[in-house]
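So the chains spell out like this:
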Amino acid sequence: MFAVRRLPSSLTASAARATRRNATVAVASSTEWKPPETPTQGRRRRARTSRPEISLQQPRSWHRALPPGVVPAYDLALQLLQHDSRVLKQEIASLQESLKEKEAAYQALQSKAAKASAEEKVTLEENLRSIDQELERMLEKLNILEVQSEVNLPDVRWSVNNAMADMTKASHRHLLEQKWRKDGGLDLLMERVYQMHVVPDALPEIHPGIDLRVAVPSGRYRPGKPYETVEPGSFLKPKQTIAPPNLYVNVFHTDVRLYTMLLLDLDVPHPEASTYSTYLHWLEPNIPLSATSPSRLSLSNEHTPYIPPHPQQGTPYHRYVCLLLQQPPLSPSGYTLAGARRAGDKPTSVHLDIPAVQDADRFGFNVRDFVARWALESAKGGAVHMWREVWDSEVSKIYSDILKKDEPRYGQPPKFDRYAQLKQQKKYIL
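Residues numbered from 1 in each chain as written. Predicted model: local features only at pLDDT ≥ 70, side-chain atom pairs only at ≥ 80, totals over all residues. Heavy atoms only, no water.

1. Brief notes about the side chain of Glu284
Logical step 1: For Glu284, the position within the fold is in strand β6 (residues 275-289).
Logical step 2: For Glu284, which is buried and forms no salt bridge, the nearest opposite charge comes from Arg362, at a distance of 10.0 Å.
Logical step 3: For Glu284, the side chain forms a polar contact with the side chain of Ser300, separated by 3.0 Å. (Helix = DSSP H or I, 4+ residues; strand = E, 2+ residues; numbered from the N terminus. Buried < 20%, exposed > 50% of the residue type's maximum accessible area, 1.4 Å probe, protein only. Lys, Arg positive; Asp, Glu negative; His and termini not counted. Salt bridge = Lys/Arg side-chain N within 4 Å of Asp/Glu carboxyl O. Polar contact = N/O pair within 3.5 Å; in protein donor to acceptor, adjacent residues only side chain to side chain.)

2. Quick look at unusual backbone geometry
Logical step 1: Cis geometry marks the peptide bond from Val199 to Pro200, where omega comes out at 20 degrees.
Logical step 2: The backbone phi angle of Ser274 is positive, close to 55 degrees, even though this residue is not glycine.
Logical step 3: Along the chain, Ser274 falls in the loop between β5 (257-270) and β6.
Logical step 4: Among the residues examined, Ser274 registers a relative accessible area of 69% and is labelled exposed.
Logical step 5: Backbone geometry places Lys404, a non-glycine residue, at a positive phi of 60 degrees.

3. What to know about the sheet that holds β5
Logical step 1: Taken together, the five strands give an open sheet; going across it, the order is β3-β8-β7-β5-β6, and neighbouring strands pair in mixed fashion. Edge positions in the sheet fall to β3 (235-236) and β6, since each has one partner strand and no second.
Logical step 2: Summarising the sheet, β5 and strand β7 (residues 318-326) pair through seven bridges and their orientation is antiparallel. Within β7, the residue paired with Leu263 across the bridge is Cys322. (Pairing = 2+ DSSP bridges.)

4. Thoughts on the environment of Ala65
Logical step 1: One can find Ala65 in the loop between α1 (9-30) and α2 (72-115).
Logical step 2: For the pair Ala65 and Pro154, spaced 89 residues apart in sequence, the C-alpha separation works out to 9.0 Å.

5. Remarks on the sheet that holds strand β2 (residues 227-229)
Logical step 1: Strand order across the open sheet formed by three strands is β2-β1-β4, with antiparallel pairing between neighbours. What marks the edges here is a single partner per strand, and that holds for β2 and β4 (246-250). Across the sheet, the mean angle from the axis of one strand to that of its neighbour is 30 degrees, orientation sign disregarded.
Logical step 2: Across five bridges, strand β1 (residues 211-217) lies against β4 in antiparallel orientation. Residue pairing across strands places Arg213 opposite Tyr248, the latter belonging to β4. (Axes fitted to C-alpha atoms, helices over the stretch in contact; angles between N-to-C directions.)

6. Considering the confidence of the model for the protein chain
Logical step 1: Of all residues in the protein chain, 87% have pLDDT values of 70 or greater, and the mean over the chain is 87.
Logical step 2: Ranking the elements of the protein chain by mean pLDDT puts α1 last with 47 and β7 first with 98.
Logical step 3: The low-confidence segment residues 1-13 (pLDDT under 50) makes one contact with residues lying over four places distant or belonging to another chain. (pLDDT = per-residue confidence, 0-100. Contact = heavy atoms within 4.5 Å.)

7. So, the packing of aromatic side chains
Logical step 1: Per the counting criterion, the structure on display carries five aromatic pairs.
Logical step 2: Aromatic pair Trp282 and Tyr306: ring centres 5.1 Å apart, planes at 70 degrees, arrangement edge-to-face. Residue Trp282 is found in strand β6, and its partner Tyr306 is found in the loop between β6 and β7; the two are separated by 24 residues along the sequence.
Logical step 3: A relative accessible area of 9% means that Tyr306 is categorised as buried.
Logical step 4: Here the aromatic rings of Phe365 and Phe370 are separated by 5.4 Å at their centres, their planes lie at 50 degrees, and the arrangement is tilted. (Phe/Tyr/Trp six-rings, centres within 6.5 Å; stacked < 30°, edge-to-face > 60°.)

8. Some remarks on the pattern of salt bridges
Proximity of charged atoms lets side chains of opposite charge pair with each other.
Logical step 1: Inspection of every chain in the model, using the stated rule, returns 14 salt bridges.
Logical step 2: Across the pair Arg181 and Glu177 runs a salt bridge whose closest N-O atoms are separated by 3.0 Å. Taken together, the residues span about one helical turn, with Arg181 and Glu177 both in helix α5 (residues 170-182) at a distance of four residues.
Logical step 3: By relative accessible area, Arg181 is classed as partly exposed at 32%.

Now the structure itself:
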């Protein structure tokens, strides 16, 4: 008998793979090759999706944190909030009726005072002031009730946190202002303003009442985001501010007030006086603003046109300060809720005929004299923002192409040499 010789297992596996490969080649050669319907090369990439814009015109749907019946305590808490809201809204309706009656009495007394004699007018004006003060107290209470009736509702807080605040509602305005004042935005702004001595170099006192934001072209490649928001006190490149920056505001008062906008450079060298002076880059008066006005400021750039920042070569960083100052009120009693209610869509501020500043008068612009002359308010209300810039090669283009003048150059002053006179004398006398 002959013994059967077995092949090694590795050779058997190799033969099997060769057989399958030959069979695959035979089948492939018998059929015509067709390209796939969706050809891909390498690793398939997932398509990039962008988040849709969210606004009041394109709202995002709100979903409760928990559906009904999951946590009974949550359902009871929500019912309690809704019940409290309904009770407060009933009180609001009753107060609004009282306001209508009080306002009608005020209008009747005002028309009577217009026709009265001089002696009667004194008494009637005192009664008008008394009714006006009572109206102011009622409106303050109404504003508090409107805030309290909705401020704790989950859907209201969700809308404000998701950039869908309705500025016609007192609760939304309150939450947005609270977010600005308590979440660090205002604290960071005022920290930079005081650390970098904008106060008192520009004005002796600044207490903002409006959230002002500045956006400029991005200094780096950001697909889909050509602009970036400027953090107060941060450094920008001169090429980012060749065009006027975009200004955005959140206003929290309902009446239409007029503001004056200024853009200043506080650190322009003044060699003759051996100090630094102020340069006015931009001025625009009579800007109407209210809670319902568009967030982005619409500036004409026709009054005192915008000149790009141009920090001089050889100087330290320059502080660029944007001010939004409140113009004086029409009423002698100032800005009041009662006055805003009567004004409606008409401005409650004085329209100022501020003349345009000529190019020769931009250097050495005195901010304090300007504010005092036109009775602008910086201690209460208004807005402020700032950033910094240093010289680079783009500034030379601004001088040659826009300013049409020679670029100055500065440097450190020479140090005082106490031995200069001795150095000029001969050391050895023959």
